[in-house]
Amino acid sequence: MAGHSKWANIKRQKAVVDAKRGKTFTQLSRAIIVAAKNGVPDPAGNFQLRTAIEKAKAAGIPNDNIERAIAKGAGTFSGDNHTLEEIRYEGYGPCGVAILVEALTDNRNRTAADLRVAFSKNGGNLGETGCVSWMFDQKGVCVVQGVVDEDQLLEASLEGGAESYEMTEDETAEIFTEVANLEILNKTLKDKGFKVTDAELRWIPSNNVEVTESDQARSLLKLIDTLESLDDVQNVTSNFDMSEQLLAVSLV
């Protein structure tokens, strides 16, 4: 079962040195709004919403804020005239690295303008829809911690309909499946006694671009940081690959 976790590893490495941003609350609240909007506003019958609420609670978001976000998504929150829509933007970074940006916005013109400036000021350019998305496949991913028996994990993963898995750290694994099967895989792993710490949809690159020059690495990481700092941006995914040594130097 082949793994796909290189970008996830880079994201984790970056997170060690990234300052915590106040926008985390905004991101998680917006994720709840969209989940409630796309399905029933009851977490018991909406896996996307249930997962978003779990992440929000883990981040310390108060229950009142969570309930307000659910009401906004369901359209039952009085005085709220803003409608959020999900939009995916695509572009290129230094070295021709492909970048996918997932956004939630109530003003797509503002968001596109902000992204265009971010790309152009950091050695990249915002492209047309479809210019890089063909290089990625969307998968469901369950992150499991406390894995002590890899054979048991493999057995449970296969029973849950997994396509592949990879041990990413000591006793930590990522299990990949088709998007529509994520809820089943999540439930199967939990029923088998595994600790699932995250269940999410993720874009997996089909090929990676090797970055070897420190100046290009710095520009690329600055571009990604700039994109992630924008209020409307929920997630940024790329297909770059670089050594841990170069990553560490470039993040200083």
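Here's what I pulled together on the structure shown here. (Residues numbered from 1 in each chain as written. Predicted model: local features only at pLDDT ≥ 70, side-chain atom pairs only at ≥ 80, totals over all residues. Heavy atoms only, no water.)

Focus on the sheet that holds strand E1 (residues 85-92)
As a reminder, the rule being used: A pair of strands is labelled paired if DSSP reports no fewer than 2 bridges between them. By definition, any uninterrupted DSSP run of H or I lasting at least four residues is a helix, any uninterrupted run of E lasting at least two residues is a strand, and each is numbered from the N terminus. The contact definition used throughout considers only heavy atoms, calling two residues in contact when any of these lie within 4.5 Å. Only the contacting stretch of a helix is used when fitting its axis, a line to C-alpha atoms as for every element, and angles between N-to-C directions run 0 to 180 degrees.
Overall, antiparallel pairing links the four strands, which are arranged E3-E1-E2-E9 in an open sheet. Each edge of the open sheet is held by one strand with a lone partner, namely strand E3 (125-126) and strand E9 (233-238). The pairing of E1 with strand E2 (residues 98-105) spans eight bridges and is antiparallel. Counted as the bridge partner of Arg88 is Glu102 from E2. Strands E1, E2, E3 and E9 of the sheet are contacted by helix H5 (residues 108-121), whose axis makes an angle of about 20° with E1. Along the sheet, helix H8 (residues 214-229) contacts E2 and E9; its crossing angle with E9, the most-contacted strand, is approximately 155°.

Some words on the pairing of E2
Which entries qualify depends on this criterion: Three labels apply to residues, based on accessible area from a 1.4 Å probe with only protein chains included: buried if under 20% of the type maximum, exposed if over 50%, partly exposed otherwise in between.
In terms of burial, E2 is largely enclosed, as seven of its eight residues are buried. What sits between the antiparallel neighbours E1 and E2 is a turn of five residues, in which Cys95 has the positive phi angle 70°. Inspection of the sheet shows E2 paired to E9 by five bridges, in the antiparallel sense. Paired with Glu102 across the two strands is Asn235, which belongs to E9.

So, the sheet that holds strand E5 (residues 164-169)
Here we have four strands laid out as an open sheet, ordered E5-E6-E4-E7, and antiparallel in their pairing. Edge positions in the sheet fall to E5 and strand E7 (195-205), since each has one partner strand and no second. Strand after strand, the sheet turns through a mean of 25° between neighbouring axes, direction not considered. In terms of strand pairing, E5 meets strand E6 (residues 172-177) through five bridges, oriented antiparallel. Residue pairing in the sheet places Met167 in a bridge with Ala173 of E6. The sheet contacts of helix H6 (residues 150-159) involve E5 and E6, and relative to E5 the element is tilted by about 145°.

Focus: unusual backbone geometry
Positive phi, normally seen in glycine, also occurs at Cys95, with a value near 70°. By the element assignment, Cys95 lies in the loop between E1 and E2. Given a relative accessible area of 34%, Cys95 falls into the partly exposed group. With a phi angle near 65°, Glu171 is a residue other than glycine that sits in the positive phi range. Summarising the element assignment, Glu171 is placed in the loop between E5 and E6.

Some words on the packing of helix H3 (residues 47-58) against helix H7 (residues 182-191)
Just so we agree on the cut-off: Here is the rule for angles: anything less than 35 degrees is roughly parallel, anything more than 145 is roughly antiparallel, 65 through 115 is roughly perpendicular, and the remaining ranges are oblique. Should the near helix be turned counterclockwise from the far one by less than a right angle, the crossing is left-handed, whereas a clockwise turn marks it as right-handed. Three classes are used: nonpolar for Ala, Val, Leu, Ile, Met, Phe, Trp, Tyr, Cys and Pro, charged for Asp, Glu, Lys and Arg, and polar for all others, with Gly counted as polar.
At a minimum axis distance of 10 Å, the contact between H3 and H7 shows a crossing angle of 55°. Looking at the two axes, H3 sits oblique to H7. Seen from above, H3 lies across H7 with left-handed handedness. Here Phe47, Arg50 and Glu54 of H3 lie close against H7, whose contacting residues are Leu182, Glu183, Asn186 and Lys190. Grouping the amino acids of the contact of H3 with H7 by side-chain chemistry returns two nonpolar, one polar and four charged.

Any functional reading would require information that these geometric values do not contain.
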